[in-house]
Amino acid sequence: MDVVTILDIDLLERIRGRAAGYDRDNIFFTEDLDELRHAGYLAPQSLAEGVRNQRLLARYAPATALGINMHHVVVGVARVLHDRGDSSLDWILEDAGRGELFAFGVSEAGNDEVLFDSRTAATPAENGSFSFTGRKIFTSLSPAWTRLGIFGRDDSDPANPSLVHGYLTRDTNGHRPVGDWNPLGMRATQSYSTELEGAVVPAERIARILPVGPSPDPYIFGIFSNFLLLIGAVYAGIGDRALELGVKAAGRRTSLKNGGRPYSDDPDIRWQLADAAIALDSLAPQLKSLAADVDSLADHGPAWFRLLAGAKTRAVDVSRDVVETAIRVTGGSSYDAGTELSRLYRDVLAGLFHPSDPESAHSTVATNLLGPATKQG
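Residues numbered from 1 in each chain as written. Predicted model: local features only at pLDDT ≥ 70, side-chain atom pairs only at ≥ 80, totals over all residues. Heavy atoms only, no water.

Asker: Looking at this structure, I do not really get the packing of helix H10 (residues 304–330) against helix H12 (residues 358–370). What am I missing?
Answerer: The relative placement of two packed helices comes down to the angle between their axes together with the axis-to-axis distance. Interhelical geometry of H10 versus H12 gives an angle of 145° and a closest axis separation of 9 Å. For the pair H10 and H12, the crossing hand works out as left-handed. Contacts from Phe305, Arg306, Ala309 and Thr313 in H10 reach Ala361, Thr364, Val365, Asn368 and Leu369 in H12. Along the lines of polarity and charge, the residues of the contact of H10 with H12 split into 5 nonpolar, 3 polar and 1 charged. (Axes fitted to C-alpha atoms, helices over the stretch in contact; angles between N-to-C directions. Helix = DSSP H or I, 4+ residues; strand = E, 2+ residues; numbered from the N terminus. Left-handed = near helix turned anticlockwise from the far one by under 90°. Contact = heavy atoms within 4.5 Å. Nonpolar A, V, L, I, M, F, W, Y, C, P; charged D, E, K, R; others polar.)

Asker: Before we go on, may I ask you to explain the layout of surface pockets in this structure?
Answerer: Here the second largest pocket is characterised by a volume of approximately 160 Å³. Around the second largest pocket, the lining residues are Glu324, Ile327, Ser334, Tyr335, Leu341, Ser342, Tyr345 and Arg346. Counting residues per element, the ones that place at least two in the lining of the second largest pocket are H10 and helix H11 (340–348). At 4 residues, the largest contribution of residues to the lining of the second largest pocket is made by H11. Among the residues forming the lining of the second largest pocket, the class breakdown is 4 nonpolar, 2 polar and 2 charged. (1 Å grid on protein atoms, 1.4 Å probe; cavity = no way out; pocket = protein on both sides within 12 Å on 5 of 7 lines; lining within 4 Å. Points joined across faces, edges and corners; volume = space filled by probe spheres on them.)

Asker: It is not clear to me how empty space enclosed by the protein should be interpreted in this structure. Could you clarify?
Answerer: Over the atoms, a rolled probe matching the size of one water molecule traces out where space is still vacant. For the coordinates displayed, the defined rule picks out 3 cavities of 30 Å³ or more. Roughly 70 Å³ of volume is contained in the largest cavity. What lines the largest cavity is simply Ala19, Tyr22, Asp23, Ala61, Pro62, Ala63, Thr64, Ala188, Arg343 and Asp347. Residue assignment for the lining of the largest cavity shows that the elements contributing at least two residues are helix H2 (9–25), helix H5 (62–83) and H11. For the lining of the largest cavity, the class distribution of residues is 6 nonpolar, 1 polar and 3 charged.

Asker: I would appreciate a short explanation of the nonpolar core in the present structure.
Answerer: Side chains of a nonpolar character, in soluble globular proteins, are inclined to be buried together. In this structure, Leu89, Ile92, Tyr167, Tyr219, Leu229 and Tyr235 are the most contacted members of the largest nonpolar core, which totals 106 residues. In terms of residues, this core owes the most to one element, helix H7 (residues 218–252), which gives 19 residues. (Core = buried A, V, L, I, M, F, W, Y, C linked by side-chain atoms within 4.5 Å. Buried < 20%, exposed > 50% of the residue type's maximum accessible area, 1.4 Å probe, protein only.)

Asker: What is the right way to look at helix H4 (residues 47–60) in this model?
Answerer: An α-helix turns once every 3.6 residues. As a result, residues three or four positions apart point the same way. Over its 14 residues, H4 extends 20 Å from the first C-alpha to the last, a length consistent with the 20 Å expected when each residue adds 1.5 Å. A large share of H4 lies buried, amounting to 10 of its 14 residues. Listing the buried residues of H4 in full gives Leu47, Glu49, Gly50, Val51, Asn53, Gln54, Arg55, Leu57, Ala58 and Tyr60. (Expected span 1.5 Å × (residues − 1).)

Asker: How should I be thinking about H2 in this particular structure?
Answerer: Taking 1.5 Å of rise per residue, the 17 residues of H2 would be expected to cover 24 Å, and the 25 Å separating its terminal C-alpha atoms lies within 8% of that figure. Residues of H2 that are buried include every one of Leu11, Leu12, Ile15, Arg16, Ala19, Gly21, Tyr22 and Asp23, and no others. Two to three positions downstream of the cap, the backbone nitrogen of Asp10 sits 3.1 Å from a side-chain oxygen, assigning the N-cap of H2 to Asp8. With its phi angle positive at about 55°, Asn26 sits one or two positions after the end of H2. (Polar contact = N/O pair within 3.5 Å; in protein donor to acceptor, adjacent residues only side chain to side chain.)

Asker: What's the story with the pattern of salt bridges in this structure? I'm lost.
Answerer: Note on pairing: side chains with opposite charge can pair once their charged atoms come close. According to the stated counting rule, one finds 25 salt bridges in the structure shown. Between Arg18 and Asp32 there is a salt bridge; the shortest N-O distance is 2.7 Å. In this pair, Arg18 is assigned in helix H2 and Asp32 in helix H3 (residues 30–38), connecting sequence segments 14 residues apart. A salt bridge links Asp117 to Arg153; the shortest N-O distance between them is 3.0 Å. A residue pair is termed long-range when its members are at least 10 positions apart, and Asp117 in the loop between strand S1 (102–105) and strand S2 (121–124) and Arg153 in strand S4 (residues 147–154) qualify at 36 residues. Put simply, Arg59, Arg241, Glu244, Lys248 and Glu340 are held in one network by salt bridges that share partners. (Salt bridge = Lys/Arg side-chain N within 4 Å of Asp/Glu carboxyl O.)

Asker: Even after reading the chapter, I still don't get the side chain of Gln54, so can you show me in this structure?
Answerer: Tracing the chain through its elements places Gln54 in helix H4. Those residues in contact with Gln54 that lie beyond four places of it in its chain are Tyr41, Ala65, Ile68, Asn69, His72, Leu230, Ala233 and Val234.

Read these as spatial facts, not as claims about activity.
Okay, here's the thing in structure tokens:
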């Protein structure tokens with residue numbers, strides 16, 4: 001799928017033109033979604049295409065890109081399985097091709113095990129179905145999803161608890177958005193919490209039943225690989241735009257101290273922008289090569305999760321630094337809450353909270369390098 005035919009410049013400029021209003025009014029990106037759906041952007045993509053496209057989209061509207069990311073993560077999981085000879089989730093690819101919108105209801109307050117355990121109850125029901133009761137937080141696309149990926153813990157056999165992954169449809173009873181969505185940044189995602197109150201997922205939409213704890217199942221690999229690389233691409237896109245704004249500001253501002261010459265002639269400013277560009281340029285090879293490796297079924301063995309977590313962490317850290325550099329170069333005008341750089345600064349901070357967070361990422365890398373830490377006692 002070619003980025004030029006999907007995300008053409010006119011579409012991207014219209015999306016950018018709405019971003020500030022969505023942020024200011026704290027509303028969902030309805031018009032963006034309508035245009036992206038009409039353009040065919042919800043259809044399945046390879047991960048390499050998704051990383052490229054999402055980085056570009058985030059350059060124009062970070063919150064829109066982050067929200068759409070969750071759809072492409074789910075669809076990407078189905079694609080990972082299909083490419084490895086597992087057709088059990090091909091219906092997700094078919095639904096996405098018809099314009100259905102997928103979201104993830106995975107995160108839970110107080111659950112730092114993320115996908116390896118759950119505080120949501122998954123109770124066996126009739127004919128292989130399960131009912132889910134619990135609260136999911138940060139459910140991006142809350143106003144618009146038509147399919148919601150969820151998971152919970154089945155303790156019906158206490159000696160062998162399991163984690164059940166399935167997909168709700170919007171017309172299913174037993175789910176509702178709760179709470180307020182008034183975050184610092186990424187406001188247009190409208191990522192409300194979702195209360196599950198006995199919501200039933202039929203057997204044909206149960207994706208996996210796995211043991212509690214880490215799992216080598218390709219479904220889990222599909223989630224981690226798509227989520228971490230697509231998230232990294234979004235934050236890299238924020239860095240791209242911040243650098244662009246910083247360069248424009250350096251050419252626009254003039255220095256009284258230096259006889260009215262532009263800041264772009266100042267060696268300190270030039271060094272700062274060059275340093276930001278060097279760091280930002282390092283992201284593309286890592287994100288692109290890992291996405292291509294997923295698509296081509298490359299085998300990195302136990303190093304996969306180290307590589308994926310590291311790529312996401314580096315993308316967020318570099319992009320945050322680039323935004324701060326652009327703010328310094330631009331000067332006090334960027335501190336106005338209505339400026340694009342101010343919004344980018346608020347948006348880029350959200351990257352700290354997506355799995356894998358810095359603590360989890362470093363733990364993953366350390367375990368790969370050194371083995372599991374010795375338990376005390």
